[in-house]
Every structure is written in structure tokens, then in C-alpha cells.
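# Close look at the chain arrangement
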Amino acid sequence: MSKTVYTFCRYCLASCGLEVTVNDNRVTKIAPDKQNPHSWQDFCAKGRTAHELVEHPRRILHPMRRVGDSYVEATWDEAISDIAARMNAAIQAGGPDAVGVYYGNPSGFSSSNIIFMNGWLDAIGTHSRYFVGSVDQNAMHVVAAAMYGSILMAPVSDIDNCDYFLLVGTNPAVSAWNWLETVPGGWRRALARQQQGATIVVVDPLRTESAEKADVHLAVRPGLDWALLLAMVKVILDEGLEHRGDCTELATGVDDLRALVADADLDDLAARCDIARDRIERVARDFAAARGAMVVTRTGVSLHLTGTVAEWLGHVLNVITGRMDRPGGRRYEPGYVDAIRMSAMVKTKPHHSRLLGREMVAGAHALSELPDEITTPGRGQIRAMLINCGNPVVSGPDGAKLDRALADLDLLVAIDFVQRESHRHAHWLLPAAHWLERSDLLAFTSNMHDEPYLHYGAKAVEPPPDVRQEWRIFTDLAIAMRRPLFRARGLNGFITATRALARLTRKPELEFGPHWIDRLVVATGRKFNGRRIKWRDVISHPHGWVLGPREFGHFREALRTDDKKVHAAPPEFVARARELLAGPHPEPPVGYPFQLANRRHRHSMNSWLNDLPGLHPAGKGNDVVIHPKDAADLGVTDGDLVRIISPVGAIELRAVVNDRPRQGVIIVDHGWGSRVFDPRGRAEPIVYGANRNLLIDGGPVDPLSQTSALSSAFVAVERATS
Ligand SMILES: Nc1nc2c(c(=O)[nH]1)N[C@H]1C(S)=C(S)[C@@H](COP(=O)(O)OP(=O)(O)OC[C@H]3O[C@@H](n4cnc5c(=O)[nH]c(N)nc54)[C@H](O)[C@@H]3O)O[C@H]1N2
Ligand SMILES: Nc1nc2c(c(=O)[nH]1)N[C@H]1C(S)=C(S)[C@@H](COP(=O)(O)OP(=O)(O)OC[C@H]3O[C@@H](n4cnc5c(=O)[nH]c(N)nc54)[C@H](O)[C@@H]3O)O[C@H]1N2
Ligand code: SF4
Ligand SMILES: [Mo]
């Protein structure tokens, strides 16, 4: 029997609408849903091949328990009771912090996963929470909290009215216009504006696909965006090009910015970022003069030791030139669920890490701290760990050190589809449901879409019988550990009662679960056209639902700062900027003359889709791109095997010689070199390419965001002999 299911892709925030053809519970085709009014325009091969992961020949289909060096299938009851007993024993011996969790990027695409995981972590009372944000978006959270009063206050781009795009550290031609915002077809819409006369400036050490289309490409020195952006702020303030009204009415702290730039020298800043002063001045003046303009900053800005200051200065440029909440700038989208207000209701006490004393960012500690927290004895030492949607050995810094620490645990549990690099020491592998097997309501990203949008993504197929969604696993663990989910006394008993009732009445919807929360969220959401949305309205819009036009004028009321103003110069950012200004110009350390840059590929998703048969048909793996002049100095030619060495690791890859990187910068794509194991069939692991994050020292971090220098590490390059 064939049917068509309309849903959306949950690989990246573009959230493309999909038309999925299903035959006998098997997906036979995935196409863009062109009836989706909002989000199908970024549709790509990753969405088109999504069912290949569902049918992965190495997929984990039952809970699997480690026995010696191999795995055996077990029942869920065995898995949950063993894990619960071992976690309780760890807590008994070392306190609640002895149980830790790492949650990766895909967890953000399932609100039920995040909500119930936190409910379980609260039940335990552990602070040992590690989040992928510390390898990508913490800088944004830190800046949003300090300037706008909420870690979630991420303004969205008003592309169709923009005349001047200043894109810093982003390659939307490949990664789509998404990162705490969903702007469907954003890059194509920006190019359409360019056709109508808009200017696109791309700031990137690499000549990327986006840079190639730009009117201006500023090939900044990696990690030096702060100097470039500070120079632009200086030009604007010194020359009186700022938006007077917003600098006094909307924002506080502009005088502190004036004082900061008064102490900075344009030639010094230009020399630091290695962009000619006159080019900086021209871009700053044109940006300030444009009718509609925006700065967009992304991972290229944040994955450095100076990431937060650069992220902040990007926001500062928008604020002081009057781009907030104005056409062509960055808007606040109220959406139908006010996630910002909801998150403000969750009061959490600040927590400092045991060993380094660093405070949590966005509710979690930094991944770089995890290995020592596992291996260093003392009360609170992590002895049991759960990895939820993550591959931190490949995605985070110093994978080898983390791998050694994970091997040292008393208990490691991974919830995933297949066993990847980070799960190789797991004592338990728990099979997760893919989003094609799961219904999700787009709710908590409601403020991140570039128009008010609601979509209930129905599941396309039933999961294999022994595969479970994360929320169910966390609920079962809380019950088995006898710790009340969400710390709500009596809730576990209530859940058990609803389960019994659901069984008795054969009405599964009576069992307490995320569908209760979805309905509550919709019922209490914002009114549109004077009335609240009903659940049946949600269901009757299978292609997604644009709830109304884009509106301006909600930004001010949404600010969560005490004085309802934008804080343009948070003292900790100013202090860090002064520290950087007082510091020396960057010099490569002796013996490590190159900087290691990173790229994404349209057909890769961080570390986890690369092994699928339908992606990368031209050949799987990564290589090292070297500038022709550097290659000549090294005696390297195209195709040579090259060794890349850092103080913490070494990898070997084939060289590709071209002038995409600046001289002195080499490119190695991240996400490769992750083994995929075969716990069922026991065949050899599959692996393509090398893990370039083995070269990244996890020690140094941006003091404000705690993010590692994933995109500006210094390395040495030499020809390998074989
Ligand atoms: N050098 C360098 N490093 C980087 C980056 C970079 O630009 N340069 N980018 C960084 C960025 S932006 C990010 S977001 C991180 C990503 O870092 P992580 O989130 O730690 O890693 P991923 O590679 O996304 O791996 C996700 C894992 O989740 C599994 N998974 C997918 N969907 C589900 C699901 O629904 N349920 C469960 N249980 N599991 C699921 C996948 O199979 C995979 O094993 O990497 C970062 N690392
Ligand atoms: N196809 C695909 N799409 C994705 C993803 C994916 O893995 N594959 N991942 C998704 C995720 S999790 C995220 S967070 C977003 C990320 O979205 P983006 O941040 O747009 O990611 P990238 O495409 O890696 O672009 C970052 C750019 O920053 C540049 N860069 C590196 N260092 C510097 C620097 O010091 N200064 C400046 N100015 N630029 C620098 C890099 O060369 C690169 O071109 O993409 C999402 N979309
Ligand atoms: S992975 Fe591709 S299809 Fe899926 S949401 Fe992102 S851009 Fe769209
Ligand atoms: Mo990310």
C-alpha cells in the first residue's frame, strides 16, 4: 500500500518541507513539498536520502549490551534496570554529579528529547551536563544574554528588504541560512536582492562558494574578526555615521563603545586582521549608509578563542546603525510560542565546574572540560555517562583525550542509530528513532523562523518494534531509578497509572508523553487573528502553516534586560576587547606555521551522514587544501600524502593544491574519520577520511563562551614518505 506523508526534514534548521512516499512502511521517495508555504527551498541531497539512514545496514535495532569485546542483544527491561542500578550505584558512591550527559546537535531537533532529558537530569540533580553549544553556538548565547537579556534572543534576518549584507564567518551557499534562525532559501533570496542592486560582503579566510558570489570578499586572518569589526565600529562612531535615535533611545553603553574605540588605532587593527585600512573604511561607511543592512555572524566567528568579542561586535554594528527591528535588518519574530519567556520561567542556580570553576553557559558545561572531569578522582567525578545524539570525539577538541576518558568510565550509554566513534567504549547501545519515525511539533524554534510559522511534522513510517524515542527512555530511567521526573513528586506514579490506563483502554494517547505538552503549548500560544490556535487547526495544515505576515515592532517589548534596553557594551566584553587590544599581534608558534581552517560540504552533516551510499558519489573522505605558494615551499604537489601535526596529534591526508585558502591557512573539512562499527554483524568498522579535530588542543578556550579554537589552531605540514 502506497501513501504520501507531508512532513519536514530535521537534519538542519532549514526544516525543509518534505513529500515522502511510503510503500508498506518503507520510504521509497523523498521530494521537496512544494505545497509547503514556508520552508522547502533549501531542500538538498541530505533530505532526499534520509531513508538511507533509517535502513542503515549497521543500524542498532535492539538494546545491545557489551560483553567483553562484542555486543549481545537484550530486552529494554534488562537495559533500563541494569543502567538504572549502575547509575544509582554511581550516585551512591559519588553524589549526583557522578552521572553525566553529553547532548549533541540533533537533540535540538526534538523538543521531546530535550524536555524529557532535562526532566531526567533534574530528577538526578546532576550538574554534569555537557552540550554541543560549547563547540558551536555558545558565543551567540553569551552575547544574547548580555545584550538582550536572554540566551535565546536570536534576531532573524529580513533578507528581502536588505541592501547590504555583511556576512562574517558563514558560508550560506553550503550550510543554508540557518543557525539559531530559519530563513528558507536565504542564500538564494540574498542573491536575488543582489540582482536588484544589493551588495554582498563576505568575510572569510577562504574563497568559499559564497565568497565567489560576493561583491566584496575580505579574506580575514582566522580568529581576527574582532579586530576587523572593532575597526568598523570605530569608523562609524568616529565619523558620526551611527543611528542617533537608536544609540540613545534603544541602547545603553554607546559611550563606553566610544571610549573603547578611542583607545584603538585603525592601522593597528587593520594590520592584525590583515585587511587594508581603506577597504575596512569603505565597507563600514557603505554599511552605515545603506537603507537596509545586516551583519550576520556564524560559526566562522565563534569557533575561536576570540569568538565572543567578535560575535558581540557584529551585534554592535547592527545596533548602532539602526538595523534592529527595521526593514532589511534583524527582526524579532514573536512566533506563536514565546520560548524566550518560557525559558525565563525555568530558574536554574548557577553552577561552577568542579575542576576549573567555570560557570555553565546555556545550562551546560564545556565539552573541553569533560575528559578531566571523568578521570580526576574526588567527589563529583563522573563515573557514568550517557551520550544523547552526539559524536564528541569527532566534533569536539582533542578527540583522543576524550576517547581515553570515555574508556575509563564504569558505565557508558549511547542513544543513537549506529555505533560511531564516540560510542566505541559503550557498555550499552540504545536504539533511537529517526525523525522519519517520529512526529515533532515545531514549537520552541518559533522565534527563529523568519515569519510566523507552525508545522507538525508527522512521522512517515513506524519505527522497528524495539526502537524507542529518547523521551521514553528518559522517563523509564527516572522511574527505574526511583527519582521523580522533572523533580515533580508523584509524577512517576501518575505516569505509570496513565500507562496502565492506556493499555487497558487500548488508547495509547492516554499515556503521559510529549503529545500532552504539544497540545498545551499550542493551547497557550499567541493568538492569531484574534483567536487561539486549536490542535485540529494544526493537524489540518500538513504542509505547514504561515500564521500571518512578518511584523516589526515586537523587539523592544521582547527584550529581557531589566531596563528594556539593548546593552551595547557589557563590561565583560569591553574588558576582553581591551585585553586583546593590549595583546601582541598574532604570531604562529615556533614549529607550527599554518592555521587550520574548516569547511562544510553541502552533502555532509557534521560527522554523521558521510557514510551513506547516496551522498558524496564522487568519493568519500576529506583532504587538505594548500595554497600553491605554500605547497611550493613545502615541496608538495596535488595528490601527495601530507602529514599535519599539532602539539596534540597528527593526521595524514592527500593534498589538493589551490588558492581557496589565504596563504598560511590550510583547509581540512571536519566530520570525517568517524568509524561506524557493526555491533550486530561484527564486520570491520567503516571509516572515511581523517578526524581533523584530533589536532585541536582542548585546553585553551574563549574565556567568555568556553569554546575551543576549532577553526584557528596552529599546525605544521610536511610531506609524508609513503
Ligand atoms: N573543526 C570543527 N569542528 C566542528 C565544527 C566545525 O565547523 N569545525 N562544527 C561544529 C558544529 S556547528 C556542531 S553542531 C558540532 C556537532 O557535534 P555533535 O552534535 O556532537 O556531533 P554530530 O556529528 O552532529 O553527531 C550527531 C550524532 O547524533 C546521532 N543522531 C542523529 N539524529 C539522532 C536522533 O534523533 N536521536 C539520537 N539519539 N541520535 C541521533 C547521529 O547518528 C550522530 O552520531 O560539531 C562541531 N565541530
Ligand atoms: N551542508 C551542511 N549544512 C549545515 C551543516 C552541515 O554540517 N552541513 N551544519 C549545520 C550547523 S550544525 C551549523 S551550526 C550551521 C553553521 O553554518 P555556517 O556557520 O555558515 O557554517 P560554515 O559553512 O562552516 O561556514 C563557516 C565559514 O566560516 C569561515 N571561517 C572560519 N574561520 C573564520 C574566521 O576566523 N573568520 C571568518 N570571518 N570566517 C571564518 C569558514 O571558512 C567557513 O566558510 O550550518 C548548518 N548547516
Ligand atoms: S538537510 Fe537539506 S533538506 Fe534537510 S533541512 Fe537541511 S537543507 Fe533542508
Ligand atoms: Mo552547529
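Residues numbered from 1 in each chain as written. Chains lettered and ligands numbered in written order. Predicted model: local features only at pLDDT ≥ 70, side-chain atom pairs only at ≥ 80, totals over all residues. Heavy atoms only, no water.

Moving on, we get to the site of ligand 1. Close to ligand 1 lie 30 residues, the nearest being Tyr 102, Asn 105, Asp 416, Glu 470 and Ser 607. In this structure, Ser 395 approaches ligand 1 through a main-chain N or O atom, which is 2.7 Å from a nitrogen atom. One of the side-chain nitrogen or oxygen atoms of His 670 is found 3.4 Å away from a nitrogen atom of ligand 1. A total of 920 Å² of accessible area belongs to ligand 1 in isolation, and the protein chains cover 98% of it. When contributions to the shell around ligand 1 are tallied by element, the ones reaching two or more residues are helix H18 (392-395) and strand E16 (411-416). Split by residue class, the shell around ligand 1 holds 13 nonpolar, 10 polar and 7 charged. (Near = heavy atom within 4 Å. Polar contact = N/O pair within 3.5 Å; in protein donor to acceptor, adjacent residues only side chain to side chain. Areas by Shrake-Rupley, 256 points an atom, 1.4 Å probe, with all protein chains shown as cover. Helix = DSSP H or I, 4+ residues; strand = E, 2+ residues; numbered from the N terminus. Nonpolar A, V, L, I, M, F, W, Y, C, P; charged D, E, K, R; others polar.)

Here we take up the sheet that holds strand E9 (residues 164-168). Strand order across the open sheet formed by 4 strands is E11-E10-E9-E13, with parallel pairing between neighbours. A single partner strand is all that each edge strand has here, and the edge strands are strand E11 (216-218) and strand E13 (293-297). Each strand of the sheet is rotated relative to its neighbour by a mean of 15°, with strand direction disregarded. As paired elements, strand E10 (residues 199-203) and E11 share 3 bridges and run parallel to each other. By the bridge assignment for E11, Val 201 is matched with Val 216. Across the sheet, helix H9 (residues 225-238) touches E9, E10 and E11, and the angle it forms with E9 is around 150°. Across the sheet, helix H15 (residues 307-320) is in contact with E9 and E13; its angle to E13 comes to roughly 170°. (Pairing = 2+ DSSP bridges. Axes fitted to C-alpha atoms, helices over the stretch in contact; angles between N-to-C directions. Contact = heavy atoms within 4.5 Å.)

Another aspect to go through is the environment of Gly 197. Tracing the backbone through its elements, the reader meets Gly 197 in the loop between helix H7 (186-195) and E10. It is 7.2 Å that separates the C-alpha atoms of Gly 197 and Asp 163, two residues lying 34 residues apart in sequence.

Moving on: unusual backbone geometry. In this structure, Asp 24 takes a positive phi of about 45° despite not being glycine. Position of Asp 24 among the secondary structure elements: in the loop between strand E2 (17-23) and strand E3 (26-32). Taking the relative accessible area as the measure of exposure, Asp 24 reaches 62% and is therefore exposed. With phi around 60°, Phe 486 is a residue other than glycine that occupies positive phi space. The residue Phe 486 is located in the loop between helix H20 (470-480) and helix H21 (491-505) in this model. Judged by relative accessible area, which is 28%, Phe 486 ranks as partly exposed. (Buried < 20%, exposed > 50% of the residue type's maximum accessible area, 1.4 Å probe, protein only.)

Our focus in this paragraph is the sheet that holds strand E5 (residues 70-73). The strand order across the open sheet formed by 7 strands is E5-E4-E17-E16-E15-E6-E7, and the pairing between neighbours is mixed. A single partner strand is all that each edge strand has here, and the edge strands are E5 and strand E7 (129-131). Sheet twist, expressed as the mean angle between neighbouring strand axes with direction ignored, is 20°. Bridge count for strand E4 (residues 64-67) against E5 is 4 bridges, and the pairing is antiparallel. Residue Met 64 lies in a different strand from E5, and its bridge partner there is Glu 73. Contacts from helix H3 (residues 76-94) reach E4, strand E6 (99-103), strand E15 (384-388), E16 and strand E17 (428-431), with the element oriented near 130° to E17. In the packing of H20 onto the sheet, contacts are made with E15, E16 and E17, and the angle to E15 comes to roughly 160°.

On to the domain arrangement of the chain, then. Parsing the chain into structural domains produces domain 1 (158-327 + 553-580) and domain 2 (587-719). Domain 1 and domain 2 are separated by 28 Å when their C-alpha centres are compared. Tallying the contact residues gives 28 residues for domain 1 and 25 residues for domain 2. Buried area between domain 1 and domain 2, summed over both chains or domains, comes out near 2000 Å², and the portion from carbon and sulfur atoms is 55%. The salt bridge involving Arg 207 is made with Asp 659; its shortest N-O contact spans 2.4 Å. Summed over the shared surface of domain 1 and domain 2, the number is 14 residue pairs in polar contact (both at pLDDT 80 or more). Among the secondary structure elements, those contributing two or more residues to the side of domain 1 that touches domain 2 are helix H6 (172-175), helix H8 (209-213), helix H14 (299-302), H15 and helix H25 (571-582). Partitioned by chemical class, the residues of the side of domain 1 that touches domain 2 number 13 nonpolar, 8 polar and 7 charged. (Domains from an automatic or database assignment. Buried area = accessible area lost by both parts, 1.4 Å probe. Salt bridge = Lys/Arg side-chain N within 4 Å of Asp/Glu carboxyl O.)

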